[in-house]
Amino acid sequence: MKRKGVILIICVVGFCLGDITLADDGYQLWLKYKKIDDPLLLRQYQELVTSIVLIEDSKTRSIIRDELKRGLKGLLGKNPTFTESVDKDGAIIIGTGNCTIIKNLNYANELEPLGGEGYFIKSIKITGSKSIVIAANEDVGLLYGVFHFLRLIQTRQPLTDLNIASKPKIQYRLLNHWDNLNGVVERGYAGKSLWKWKDLPGDVNSRYADYARANASIGINGTVLNNVNANPKILTADYLEKVAKLADVFRPYGIRVFLSINFSSPNKRSGVGELNTADPMNPEVRLWWKNRAKQIYELIPDFGGFLVKANSEGMPGPQDYNRTHADGANMLAEALAPYNGVVMWRAFVYDEKVDPDRAKRAYMEFVPLDGKFNSIVFVQAKNGPIDFQPREPVQPLFGAMPQTPLMPELQITQEYLGHSTHLVYLAPMWKEYFEFDTYAKGRGSSLGSIVDGTLHNYRMTGITGVANTGDDRNWCGHFFAQANWFAYGRLAWDHTLSAEQIADDWIRMSLSADDKVVSTAKSMMLGSWEACVNYMTPLGLHHIMQANFHYGPEPDYEKAPRLDWTSVYYHRADANGIGFDRSSTGSNAAGQYFSPLREMFDDIDTCPEKYLLWFHHAGWEHKMQSGRTLWGELCYKYYTGTKYVEDMLNAWQTLEKDIDPEIYASVKTRLEKQKVDSAVWRDTCLDYFRKFSKTPVSESN
Ligand code: BDP
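Given the structure is predicted, the values throughout are model-derived calculations rather than measurements.

S.K.: If you had to explain the overall build of the chain to someone new, which residues and values would you point to?
M.R.: Within the chain, the regular secondary structure consists of 22 helices and 16 strands. For 701 residues, the compact-globule estimate of 2.2 N^0.38 gives 27 Å, and the C-alpha radius of gyration of the chain, at 27 Å, lies within 12% of that figure. Oriented by its inertia axes, the alpha-carbon framework of the chain measures out at about 80 × 70 × 60 Å. In the chain, of all internal contacts separated by at least 6 residues, the share reaching a separation of at least 24 is 72%. Of the roughly 27000 Å² that the chain leaves accessible, carbon and sulfur atoms contribute 51%. Within the chain, one finds 79 positive and 83 negative side-chain charges whose respective centroids are separated by 4 Å.

Below you can see the structure in the form of structure tokens.
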């Protein structure tokens with residue numbers, strides 16, 4: 001009896017003492033601040049960081065102070081001391097140009113080009129003491145600088161000879177939440193909405209601040225709270241009061257709130273307005289929007305603006321009144337103009353009447369409107385011409401609207417990439433888009449240079465990502481999906497960062513800094529997108545997804561006869577071959593690109609194979625660069641994709657002893673499912689296409 005008691009006590013103590021033994025539920029994302037386990041490095045850091053000089057006179061600075069306390073206590077195992085003067089080595093001096101110490105250091109010239117959000121981090125000597133200065137023009141720049149500084153320690157970077165200056169390449173770096181007011185997240189795979197509308201404005205969930213903090217740590221500065229398929233109710237007084245509460249929480253983190261609006265809100269049929277129309281040319285409608293804007297800004301002085309899905313997938317819009325997208329957007333711009341808000345008008349339109357080829361429609365509707373939008377209107381276009389497919393060529397609108405700031409919409413939530421079940425690291429995909437050369441002004445006209453405004457000198461710049469967050473404890477469902485949120489923020493700040501660098505940082509911050517773990521997890525992540533393309537839609541195939549659900553494959557038109565635009569419409573497999581002819585002999589979507597891209601895509605022999613079946617209906621015997629036939633290559637790609645998933649699972653299993661057990665187990669379960677489901681993808685597609693190719697599936701070559 002006695003012995004049993006002793007054993008029990010030891011177990012309890014063991015559980016309580018070691019953070020290591022407590023499972024990691026993923027809530028802390030990449031802000032875990034686990035103690036540096038290399039004693040030598042720990043000592044070096046402890047010597048270089050002894051005290052903090054920070055005058056605290058704003059909410060943002062209190063946040064900075066708390067973050068430093070939490071970060072340094074965690075990483076270095078010691079509470080930093082806060083002081084007002086520098087008298088020994090190891091002071092971290094944090095301040096804007098107005099702070100006396102920074103002023104005395106004569107940094108005005110260096111601060112000036114950093115703008116409101118930029119910062120620098122420098123190693124300096126003050127009166128003989130080794131110090132580090134984090135300086136910025138605004139408090140929010142300090143917050144970003146402090147997160148960068150903590151990241152240096154989290155990722156085990158040297159803290160000597162620092163000379164870092166950073167500012168965002170893109171001005172508006174937003175998340176779009178496709179969250180409905182009833183709590184259901186459209187295309188959400190991580191639980192319900194984070195916004196507890198029923199409880200607001202009275203009950204302000206502590207998670208709101210955690211959300212803002214996570215975003216600030218990666219430089220996201222705005223959030224559209226509600227679904228683009230907008231419920232008009234969001235503009236009622238009740239909801240605006242709730243929105244204002246969220247805005248109050250987010251403000252000190254540098255995050256502005258935006259709303260998706262329903263274009264017919266002024267119409268009484270929407271249940272919100274009192275008019276008989278929503279025609280953008282009607283003076284009463286225009287006044288309605290102006291009054292609503294005034295009401296919003298009274299509650300939320302820094303409100304960011306409106307996002308609009310109009311005349312798309314059944315949503316109302318100006319075309320209902322024979323007006324153009326520009327008419328609609330400009331009316332809203334007129335209402336927001338007095339207040340420093342913007343309109344983000346989506347170009348996700350694909351009206352069948354415009355052209356039989358869906359891929360061409362947005363370009364055809366929007367290019368003629370270039371130059372017709374008010375100066376505070378963004379046109380927000382998805383990265384590809386169809387719809388967040390595993391791989392698409394860039395939407396040809398980019399480059400073709402030099403007078404209109406185009407804002408790309410990326411999708412962080414994996415609607416078409418295996419939901420939150422598949423491990424798919426999206427940074428390599430986004431990099432492919434940013435680096436895609438549109439040739440809009442000759443060679444070197446990358447998408448990145450359009451988005452950051454350098455190519456066309458845009459008057460404002462922006463980017464958005466459809467969020468993958470929900471109220472699951474770990475925010476994103478799949479642990480690795482957190483990496484996509486992280487990567488989106490980092491790339492929105494600086495699209496020239498490499499996918500590898502971002503993965504490296506994320507793993508060290510979120511999982512482990514152990515070399516083996518870092519290299520194994522990184523190699524899993526880096527090839528995971530290409531693998532997903534291969535087992536879902538290789539060689540330019542697209543949209544062969546189960547109708548609506550968009551998870552599994554659905555290549556057979558017979559199974560989805562209601563939807564004339566799915567499946568067969570896209571893959572067009574027949575006895576001769578497979579693929580959508582978008583060359584000059586077909587829909588000529590290739591003709592929407594700039595030369596020499598259009599010629600390159602148009603010619604089956606020069607079209608990059610990754611886009612082959614996007615632009616061409618290629619024969620089953622078509623010779624591929626590998627020497628295989630198209631059919632052989634298709635089989636090869638599908639098998640390569642599924643093989644990669646098996647390899648990921650095996651690689652993950654080698655980490656069992658090195659990482660947190662809860663993360664290990666949850667990822668393993670998902671990888672096992674991904675293995676099964678990717679094989680279903682492969683087999684369903686190959687079985688189906690085999691009916692046309694009339695050639696057996698070959699696994700080996
Ligand atoms: C599609 C989604 C749908 C969205 C739509 C959009 O399936 O849920 O409402 O895009 O972006 O990809 O408006």
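S.K.: How would you summarise the environment of Leu76 if you had to cite specific residues and measurements?
M.R.: Within the secondary structure, Leu76 sits in helix α3 (residues 59-76). Overall, the relative accessible area of 4% leaves Leu76 in the buried class. Sequence separation between Leu76 and Gly619 is 543 residues, and the spatial gap between their C-alpha atoms is 62 Å. Discounting residues that sit within four places of it in the chain, Leu76 has contacts with Lys35, Ile36, Leu42, Tyr45, Gln46, Val49 and Ile153.

S.K.: An account of the confidence of the model for the chain is requested, with residue identities and associated values reported.
M.R.: With 95% of its residues at a pLDDT of 70 or more, the chain has an overall mean of 94. When the criterion is pLDDT under 50, residues 1-21 qualifies, and its contacts beyond four places in sequence or with other chains add up to 3 contacts. Segment residues 560-566 is flagged for pLDDT under 50; beyond a separation of four residues in sequence, or across chains, it makes 10 contacts in the model.

S.K.: So what about empty space enclosed by the protein? Which residues, and what values?
M.R.: For the structure on display, the rule yields 7 cavities of 30 Å³ or more. As a volume, the largest cavity reaches approximately 70 Å³. Residue lining of the largest cavity: Ala347, Phe348, Val349, Tyr350, Arg358, Ala362, Ala381, Lys382, Gly384, Pro385, Ile386 and Gln395, and that is the complete set. Class assignment for the residues of the lining of the largest cavity results in 8 nonpolar, 2 polar and 2 charged.

S.K.: I'd like a rundown of a negative patch on the surface, residues and numbers included.
M.R.: There is a patch of like negative charges on the surface, built from Asp37, Asp38, Asp514 and Asp515. Secondary-structure assignment places Asp38 in the loop between α1 (2-17) and α2 (39-48). Taking the relative accessible area as the measure of exposure, Asp38 reaches 37% and is therefore partly exposed.

S.K.: Can you tell me about the layout of surface pockets, naming the residues and giving the values?
M.R.: Put simply, the second largest pocket is a space of about 410 Å³. Looking at the second largest pocket, it is lined by 20 residues, and the ones nearest its centre are Glu117, Val140, Asn221, Gly254 and Arg256. Breaking the lining of the second largest pocket down by element, the ones donating at least two residues are α3, α6 (139-154), β7 (172-176) and β9 (256-261). Each residue belonging to the lining of the second largest pocket can be placed in one class, and the counts come to 6 nonpolar, 7 polar and 7 charged. When residues of the lining of the second largest pocket are assigned to domains, at least three fall in each of domain 1 (27-166) and domain 2 (172-497).

S.K.: Mind laying out the sheet that holds strand β10 (residues 305-308), listing which residues take part and the relevant values?
M.R.: With parallel pairing, 8 strands are arranged side by side around a closed barrel as β7-β8-β9-β10-β11-β12-β13-β14. If you compare each strand with its neighbour and ignore which way they point, the axes differ by 25 degrees on average. Relative to strand β14 (residues 462-466), β7 runs parallel, the two sharing 5 bridges. Of the residues in β14, the one forming a bridge with Leu175 is Gly465.

S.K.: Describe the pattern of salt bridges, with residues and values.
M.R.: Tallying each qualifying case throughout the model produces 39 salt bridges. Close ionic contact of Arg61 with Asp139 constitutes a salt bridge, the shortest N to O distance being 3.0 Å. Placement of the pair is Arg61 in helix α3 and Asp139 in helix α6, with a sequence separation of 78 residues. Both residues of the pair, Arg61 and Asp139, belong to the buried class. The partner of Lys309 in a salt bridge is Glu313, with the nearest N and O atoms 2.9 Å apart. Ionic contacts of the salt-bridge type, sharing partners, join the residues Arg391, Glu432, Glu530 and Lys610 into one network.

S.K.: Report on the packing of aromatic side chains, specifying residues and quantitative values.
M.R.: Centre-to-centre distance and the angle between the planes together describe a pair of aromatic rings. In total, this model carries 40 aromatic pairs according to the counting rule given. Between Phe303 and Phe306 the ring centres are 5.8 Å apart and the planes differ by 65 degrees, which places this aromatic pair in the edge-to-face class. Take Phe303: its relative accessible area is 0%, and that puts it in the buried class. Taking relative accessible area as the criterion, Phe306 reaches 0% and is therefore assigned buried. One aromatic cluster is present, formed by Tyr27, Trp30, Trp195, Tyr208, Tyr211, Phe250, Trp475, Trp485 and Phe486 through successive ring pairs. The residue whose ring lies beneath Arg358 is Tyr350, and the NZ or CZ to ring-centre distance is 3.6 Å.

About the cut-offs
- Residues numbered from 1 in each chain as written.
- Predicted model: local features only at pLDDT ≥ 70, side-chain atom pairs only at ≥ 80, totals over all residues.
- Heavy atoms only, no water.
- Helix = DSSP H or I, 4+ residues; strand = E, 2+ residues; numbered from the N terminus.
- Rg over C-alpha atoms; globule rule 2.2 N^0.38 Å.
- Contact = heavy atoms within 4.5 Å.
- Areas by Shrake-Rupley, 256 points an atom, 1.4 Å probe, with all protein chains shown as cover.
- Lys, Arg positive; Asp, Glu negative; His and termini not counted.
- Charge placed at Lys NZ, Arg CZ, Asp CG, Glu CD.
- Buried < 20%, exposed > 50% of the residue type's maximum accessible area, 1.4 Å probe, protein only.
- pLDDT = per-residue confidence, 0-100.
- 1 Å grid on protein atoms, 1.4 Å probe; cavity = no way out; pocket = protein on both sides within 12 Å on 5 of 7 lines; lining within 4 Å.
- Points joined across faces, edges and corners; volume = space filled by probe spheres on them.
- Nonpolar A, V, L, I, M, F, W, Y, C, P; charged D, E, K, R; others polar.
- Patch = residues over 30% accessible without salt bridge, like charges linked within 9 Å, V, L, I, M, F, W, Y side chains within 5 Å.
- Salt bridge = Lys/Arg side-chain N within 4 Å of Asp/Glu carboxyl O.
- Domains from an automatic or database assignment.
- Pairing = 2+ DSSP bridges.
- Axes fitted to C-alpha atoms, helices over the stretch in contact; angles between N-to-C directions.
- Phe/Tyr/Trp six-rings, centres within 6.5 Å; stacked < 30°, edge-to-face > 60°.
- Lys NZ or Arg CZ within 6 Å of the ring centre and 35° of its normal.

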